[in-house]
Number of protein chains: 2
Amino acid sequence: MEFGWNNRADGPPDAKLSRGARAANLPGRPLEQTQSHRAGPTYLSGDLVTLDAGAEVIAERSSGRHIWLIRSGILRLQRFSFDGRRQILALALPGEIIGYETPWRSGLSVETATRAKLCRIDRRDFEDRLDADAVLRREFAAQQQDHIERLRWLTCSIGSLRPEERLSAFLALATCCMPYQPLPDGTAVLTMLISRADMADLLATTMETISRVTHALEEDGVVTIVDPAHFRIVDLKKLAALGRISDSFEDMATRLKQPRDRCFLRAWSCGSCVSRSAC
Amino acid sequence: MEFGWNNRADGPPDAKLSRGARAANLPGRPLEQTQSHRAGPTYLSGDLVTLDAGAEVIAERSSGRHIWLIRSGILRLQRFSFDGRRQILALALPGEIIGYETPWRSGLSVETATRAKLCRIDRRDFEDRLDADAVLRREFAAQQQDHIERLRWLTCSIGSLRPEERLSAFLALATCCMPYQPLPDGTAVLTMLISRADMADLLATTMETISRVTHALEEDGVVTIVDPAHFRIVDLKKLAALGRISDSFEDMATRLKQPRDRCFLRAWSCGSCVSRSAC
DNA sequence: CGGCATGTTGAAGAGACTCAATAAGTGTGG
DNA sequence: CCACACTTATTGAGTCTCTTCAACATGCCG
């Protein structure tokens, strides 16, 4: 079974499709709303929660009593610096666990970057389960490892690549974890699920630079901008080369595409989740 | 027992003391030498190895069969980008395990940043031991967590701080893991064990900028440059504030100062190591 | 239609890099 | 002990990328 948005019954709704994307029958991107849908103590353990984009999932100073399994959507792990600037440290994808970071002090917070469905899990529960189940343990260790490697990629990119190179790499990798619909001519259309601001804060640059660089890539004929949320990837190989990840692209792609969710989703498909087909 | 260089019998030799430092009776910094002392398959498992600064410990494409316990000295985990530029992703300190990164492909390598004593351990051995010993397992997990947090700090610093701020934070943190000798007047002298080039490549800037910023900090009266390898820290609080880590300094300091080595050093004090007092 | 959020474009300025020259310190040889 | 080679660190000048700030465009929704 392949892991991909195109095969999902609960893919993003078509509500915010631009004219161009609607005509081409492409998936739309959910609307970002700053609706602070706080995760209060009202949800039962294992309960399914649906949040709009921009909702706070874990506050900077949180008890850390709960962790979250992502069923759909994308979350961002971020930190605000003294002057209000934001650095996104990681995007978390469906099937991944987020919030297990030890004592939740270091000024990190987690928000939804898109509309998302989450499963809240009690930390104690989670640890007990992991202790008892070697398969889960192994899966979780693999996730942690993936997390570290992505963070290392990010650090190296920010440290020694130019914004254009970082963005190229990001777009190339995004084809592995965002809707990516092939076209008859061999190219394919990527649906960018996160906002320009999120891209900028992940890649440690500004919205303006992202915009400029995107258009520069279009000039170079590597991508075409269908509309702000849809890029036609003309030359994925070249994109990876520009992003300096030609060598590691296969590896990174495999990990991003992995059906990470299987065992966790099975493990926590009980409770209120089991009653919904979306799970 | 406190973790500190000043208490160590095997601290850095005084051979390379500058005039100023020698007069003040400060510890010296070992000489950087590009002597590529490859770790061949001749060492026995658990064997103690002494390497000069600049020696390759793990090559970019390594089998990953061995991991290393650092007994003294500092190692650097690094990656070279396409144009030969280097990004240091982490410094590894005494008591820490390095080289456990899964399949050793992603272009990472490990070298000594100072003269170092290492203990080579067979990966299988290590894993078996970890499986059997909950204390070791916990210690190792804590190390991994520390590693992630430091990497996150680095990412945020590079992403949203200026070189001067990054360096300030680094100097403040260095007081926790490099020789730091208090003076009667309340200030203290930090011995910088790594080279300007390493500082630059860790903080994602250039040697020139490091030099300029260092002198700017001296202008501001936060530090005094005794000689290239010795800084008198006049105002540690202000340094941390400049580095934007006032809030988290205590936390980070505690973790850097932790006697990380105890259980690992005990666990692998057998074999050839036990016969040397340096262990 | 107007309000609002998001995204794009332009112009100016600053910060950091590059390149090059110089200084300081170390080790070697005679 | 000193001259020499060599590494490491510092300083200077010029350049350029990227940010900043501002205006403008676009799309969505009431």
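Residues numbered from 1 in each chain as written. Chains lettered and ligands numbered in written order. Predicted model: local features only at pLDDT ≥ 70, side-chain atom pairs only at ≥ 80, totals over all residues. Heavy atoms only, no water.

Caption draft 1: Representation of the environment of A:Ala240 in the model. Residue and element names in this part refer to chain A. With respect to the helices, strands and loops of the structure, Ala240 is situated in helix α7 (residues 236-242). Sequence separation of Ala240 and Arg123 is 117 residues, and the distance between their C-alpha atoms is 38 Å. Here Ala240 is in contact with Ala172, Ile245, Ser246 and Phe249, once residues within four sequence places are set aside. (Helix = DSSP H or I, 4+ residues; strand = E, 2+ residues; numbered from the N terminus. Contact = heavy atoms within 4.5 Å.)

Caption draft 2: Main features of the sheet that holds strand β10 (residues 188-191) of chain A. All names here are of chain A. Reading across the sheet, the four strands line up as β9-β10-β12-β11 and stay open at both edges, with antiparallel pairing between neighbours. One side of each edge strand has no neighbouring strand; the edge strands of this open sheet are β9 (180-182) and β11 (223-227). Along the sheet, successive strands turn relative to each other by an average axial angle of 25°, direction set aside. As defined by bridge partners, β10 adjoins strand β12 (residues 230-233) across four bridges and the pair is classed as antiparallel. When the sheet's bridge partners are listed, Thr191 is paired in β12 with His230. (Pairing = 2+ DSSP bridges. Axes fitted to C-alpha atoms, helices over the stretch in contact; angles between N-to-C directions.)

Caption draft 3: Representation of the packing of aromatic side chains within the structure. Residues and elements named next belong to chain A. A full pass over the atoms with the stated rule returns six aromatic pairs over all chains. Plain terms: the ring middles of Tyr100 and Phe140 are 5.2 Å apart, the flat faces sit at 85° to each other, and that makes the pair edge-to-face. With Tyr100 in the loop between β6 (97-98) and β7 (108-112) and Phe140 in helix α3 (residues 134-160), this pair connects stretches of sequence that are 40 residues apart. Residue classification places Phe140 among the buried residues on the basis of a relative accessible area of 8%. In textbook terms, an aromatic cluster arises when at least three aromatic residues are bridged by ring pairs, as seen for Tyr100, Phe126 and Phe140. (Phe/Tyr/Trp six-rings, centres within 6.5 Å; stacked < 30°, edge-to-face > 60°. Buried < 20%, exposed > 50% of the residue type's maximum accessible area, 1.4 Å probe, protein only.)

Caption draft 4: Here's a closer look at the interface of chain A and chain B. Opposite the 31 residues of chain A that make contact, chain B presents 31 residues. Of the roughly 2900 Å² buried at the junction of chain A and chain B (both faces included), carbon and sulfur atoms supply 58%. Taken as a group, A:Phe82, A:Arg152 and A:Thr155 account for 21% of the area that chain A buries against chain B, more than any other trio of residues on that side. Linking chain A with chain B are two salt bridges, by the criterion used here. For A:Glu101, the salt bridge identified is with B:Arg152, shortest N-O distance 2.5 Å. Along the contact surface separating chain A from chain B lie three residue pairs in polar contact (both at pLDDT 80 or more). At the level of elements, β4 (75-80), β5 (86-92), α3 and α8 (249-257) of chain A are the ones that each hand at least two residues to the side of chain A that touches chain B. When residues of the side of chain A that touches chain B are assigned to their parent elements, the largest contribution, 13 residues, is made by α3(A). Among the residues forming the side of chain A that touches chain B, the class breakdown is twelve nonpolar, nine polar and ten charged. (Buried area = accessible area lost by both parts, 1.4 Å probe. Salt bridge = Lys/Arg side-chain N within 4 Å of Asp/Glu carboxyl O. Polar contact = N/O pair within 3.5 Å; in protein donor to acceptor, adjacent residues only side chain to side chain. Nonpolar A, V, L, I, M, F, W, Y, C, P; charged D, E, K, R; others polar.)

Caption draft 5: Just the environment of A:Pro179, in detail. Position of A:Pro179 among the secondary structure elements: in the loop between α4 (163-174) and β9. Classification of A:Pro179 as buried rests on a relative accessible area of 2%.

Caption draft 6: Quick peek at a positive patch on the surface. Taken together, the side chains of A:Arg137, A:Arg138, B:Arg137 and B:Arg138 present a region of like positive charge at the surface. Put simply, the parts of the chain that give the positive patch at least two residues each are α3 of chain A together with α3 (134-160) of chain B. Its location among the elements puts A:Arg137 in helix α3. (Patch = residues over 30% accessible without salt bridge, like charges linked within 9 Å, V, L, I, M, F, W, Y side chains within 5 Å. Areas by Shrake-Rupley, 256 points an atom, 1.4 Å probe, with all protein chains shown as cover. Lys, Arg positive; Asp, Glu negative; His and termini not counted. Charge placed at Lys NZ, Arg CZ, Asp CG, Glu CD.)

Caption draft 7: Looking closely at the packing of helix α2 (residues 123-132) of chain A against α3(A). Residue and element names in this part refer to chain A. Interhelical geometry of α2 versus α3 gives an angle of 110° and a closest axis separation of 5 Å. Taken together, the axes of α2 and α3 lie roughly perpendicular to each other. Taking contact as the criterion, the partners of Phe126, Arg129, Leu130, Asp131 and Ala132 in α2 are, on α3, Ala134, Leu136, Arg137 and Phe140. Among the residues making up the contact of α2 with α3, the classes are represented as six nonpolar, no polar and three charged. (Parallel < 35°, antiparallel > 145°, perpendicular 65-115°, else oblique.)

Caption draft 8: Molecular detail of the sheet that holds strand β3 (residues 66-72) of chain A. All names here are of chain A. Strand order in the open sheet made by the four strands is β1-β8-β3-β6, with antiparallel pairing throughout. The open sheet is flanked by β1 (48-51) and β6, the only strands paired with a single partner. Here α2 sits on the sheet and contacts β3, β6 and β8 (116-122); the angle it forms with β8, its principal contact strand, is near 80°.

Caption draft 9: Here's a closer look at the packing of helix α4 (residues 163-174) of chain B against helix α6 (residues 207-219) of chain B. Residues and elements named next belong to chain B. Put simply, α4 and α6 touch, their axes get as near as 10 Å, and they point 75° apart. On the basis of the axis angle, α4 is roughly perpendicular to α6. The segment α4 lies against α6, with Pro163, Glu164, Leu167, Ser168 and Leu171 engaging Thr209, Ile210, Val213, Thr214 and Leu217. Of the residues belonging to the contact of α4 with α6, the class tally is six nonpolar, three polar and one charged.

Caption draft 10: Molecular detail of the relation of the copies chain A and chain B. For the pair chain A and chain B, the best superposition has an RMSD of 0.0 Å and corresponds to a rotation of 180° with a translation of 0.0 Å parallel to the axis. Taken together, the rotation angle and the small translation identify this as a two-fold axis. Looking at the rotation axis and the C-alpha trace of chain A, the residue lying nearest is A:Thr155, at 2.6 Å. (Least-squares fit on C-alpha atoms with pLDDT ≥ 70 in both.)

Caption draft 11: Main features of the confidence of the model for chain A. All names here are of chain A. Summarising the model, chain A shows a mean pLDDT of 82, and 77% of its residues fall at 70 or more. The least confident element of chain A is helix α1 (residues 19-23), whose mean pLDDT is 50; the most confident is α4, at 98. Within the model, the stretch residues 1-20 combines pLDDT values under 50 with 42 contacts to residues more than four positions away or in other chains. The model gives residues 31-44 a pLDDT under 50, and that stretch makes 28 contacts with residues more than four places away or in other chains. (pLDDT = per-residue confidence, 0-100.)

Caption draft 12: A look at the pairing of β3(A). All names here are of chain A. For β3, the tally of buried residues reaches seven of seven residues, placing the bulk of the element in the interior. With six bridges connecting them, β3 and β8 associate as antiparallel partners. Bridge pairing in β8 places Ile70 opposite Leu118. The pairing of β3 with β6 spans two bridges and is classified as antiparallel. Residue pairing in the sheet places Leu69 in a bridge with Ile97 of β6.

Caption draft 13: Main features of unusual backbone geometry. For A:Arg244, which is not a glycine, the phi torsion comes out positive at approximately 60°. A positive phi angle, close to 55°, is found at B:Ala204, a residue other than glycine. As for its placement among the helices and strands, B:Ala204 is situated in the loop between α5 (196-202) and α6.

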